[in-house]
Amino acid sequence: MAIMLVVCVRAVGFPNYQMDFMHKQERDALEEELFLKDVKYRREIKSLEKSMRRHFELQMKNQAKQFEVQLQQHLHSSDNDRQEYVAQIQKFSKRQVLHKFGNKENFYVELKLKLPLQERSKFIVLEMASLDLVPHAVYLFLNQVSEGLLNGLSFHINAPHVLLTTLVDQDGVDRHDQYHDKMLDTMAFAEYSPKFPHLKYTVGYGGSSGPEFYINKNDNTRIHGHTAGVDGDDVAVDPCFAKVVKGFDVVDKMSSLLVEQREDHPFLQQPVVIEEAYILPEFTSPATTKPKRSSVVYTKRKQIKKTLDDRSR
């Protein structure tokens, strides 16, 4: 009788155990389903955020391209129309620089350079011109730097008056398409300010619109500034948008490198490679300190003065 009772209890209890096991499977399946939905939801959120960022960037680029197209259409219209579109481009460029790179008074870019026969890298720091003077040129250069387009390029030409970069990198690859794809290959107009002329150690865009840039080795205001063209024609003006504030000795060293004539240009026998270009978060100009007087000379002068004073007594 006892044996039959145990068998009955086990027989009755088995369905409950099986039901609990089935409930556990359902809970696990439900938890797995919720987990997968959560992962999918998070991926969709990230994808949406990425799409929104891309849409915003594309919208900004399209807006800039629209400005450029409109400006080109009005280049030969009245002076008032041209000035209006130039002002729009400059206003847009200034707003974008402040939005993307911070509300700063000055912007600095450092070039990490590899000079021939030099084991260690050399550095040049460039200070951008004021956004109130040439905002469009500063906008273009800062974006080229932030997109990494300068990395791997080289200073190839060492002319008597400038050190000029080209868009052929150290591996021999032409970078024009990369600049074009990012819509950073040219300026909308030849922007120039007489308040920021082509003095020695300043930086300008070649061919009036870039994207090749150069460092002035002399005062080139007369040949690159507003007096370059006939009656100050803007077509012959090169934008000047930055100046060297650190690394003058590096520029002088680059200027002394040997050249060879190729394609009617003085090409460096060994180019100076831009290993990396980046925007500095902050920069403090090197302090200018007066040279210390020689203690020996100072002491000698003091002794002579004392001797003369004694004799006068």
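What this report covers is the structure whose coordinates are included nearby. Worth saying up front: this structure is predicted, and the values here are computed from it rather than measured.

**Digging into the packing of aromatic side chains**
Right, so step 1: All told, the structure shown has eight aromatic pairs when counted by the stated rule.
Right, so step 2: Measuring from ring centre to ring centre gives 6.5 Å for Phe141 and Tyr205, while their planes differ by 65°; the resulting arrangement is edge-to-face. Residue Phe141 is found in helix α3 (residues 135–146), and its partner Tyr205 is found in strand β5 (residues 202–205); the two are separated by 64 residues along the sequence.
Right, so step 3: When its relative accessible area of 0% is taken as the criterion, Phe141 is described as buried.
Right, so step 4: Its relative accessible area of 0% is what places Tyr205 among the buried residues.
Right, so step 5: Members of the aromatic cluster, joined through ring pairs, are Phe141, Phe155, Tyr205, Phe213 and Phe241.
Right, so step 6: Of note, Arg262 hangs over the ring of Phe267, and the distance from its end group to the ring centre comes to 4.4 Å.

**Side note on the pairing of strand β3 (residues 154–158)**
Right, so step 1: Within β3, five of the five residues are buried, which leaves the element mostly enclosed by the surrounding structure.
Right, so step 2: Counted along the chain from β3 to the antiparallel partner strand β4 (residues 162–166), the turn is three residues long.
Right, so step 3: Pairing between β3 and strand β9 (residues 265–280): three bridges, direction antiparallel. Among the inter-strand pairings, Phe155 is bridged to a residue of β9, identified as Val272.

**Points about the pairing of strand β2 (residues 122–128)**
Right, so step 1: Of all the seven residues making up β2, five are buried; the element is thus mostly covered by neighbouring parts of the structure.
Right, so step 2: As paired strands, strand β1 (residues 108–114) and β2 are joined by six bridges and run antiparallel to one another. Bridging across to β2, Leu113 finds its partner in Lys122.
Right, so step 3: Relative to strand β7 (residues 240–246), β2 runs antiparallel, the two being bridged by four bridges. Directly across from Glu127, in β7, lies its bridge partner Lys243.

**Thoughts on unusual backbone geometry**
Of all residues except glycine, most have a negative phi; of all peptide bonds, most are trans.
Right, so step 1: Looking along the chain, the bond that leaves Gly210 and enters Pro211 is cis, with omega of 5°.
Right, so step 2: Relative to the elements of secondary structure, Pro211 occurs in the loop between β5 and β6 (213–216).
Right, so step 3: Located in the positive-phi region is Leu117, a residue other than glycine, with phi close to 60°.
Right, so step 4: Mapped onto the fold, Leu117 is located in the loop between β1 and β2.
Right, so step 5: Look at Met183: it is not a glycine, yet its phi comes out positive at around 55°.
Right, so step 6: Along the chain, Met183 falls in the loop between α4 (176–181) and β5.
Right, so step 7: By relative accessible area, Met183 is classed as partly exposed at 27%.

**Re the nonpolar core**
Right, so step 1: Core analysis: the biggest nonpolar cluster contains 50 residues, and Leu113, Met128, Phe141 and Phe241 have the highest contact counts within it.
Right, so step 2: The biggest single contributor to this core is α3, with seven residues.
Right, so step 3: What Leu113 contacts, discounting residues up to four positions off in sequence, is Ser121, Lys122, Ile124, Phe155, Val250, Met254, Val272, Val273, Ile274 and Glu275.

Definitions and limits used
Residues numbered from 1 in each chain as written. Predicted model: local features only at pLDDT ≥ 70, side-chain atom pairs only at ≥ 80, totals over all residues. Heavy atoms only, no water. Phe/Tyr/Trp six-rings, centres within 6.5 Å; stacked < 30°, edge-to-face > 60°. Helix = DSSP H or I, 4+ residues; strand = E, 2+ residues; numbered from the N terminus. Buried < 20%, exposed > 50% of the residue type's maximum accessible area, 1.4 Å probe, protein only. Lys NZ or Arg CZ within 6 Å of the ring centre and 35° of its normal. Pairing = 2+ DSSP bridges. Core = buried A, V, L, I, M, F, W, Y, C linked by side-chain atoms within 4.5 Å. Contact = heavy atoms within 4.5 Å.

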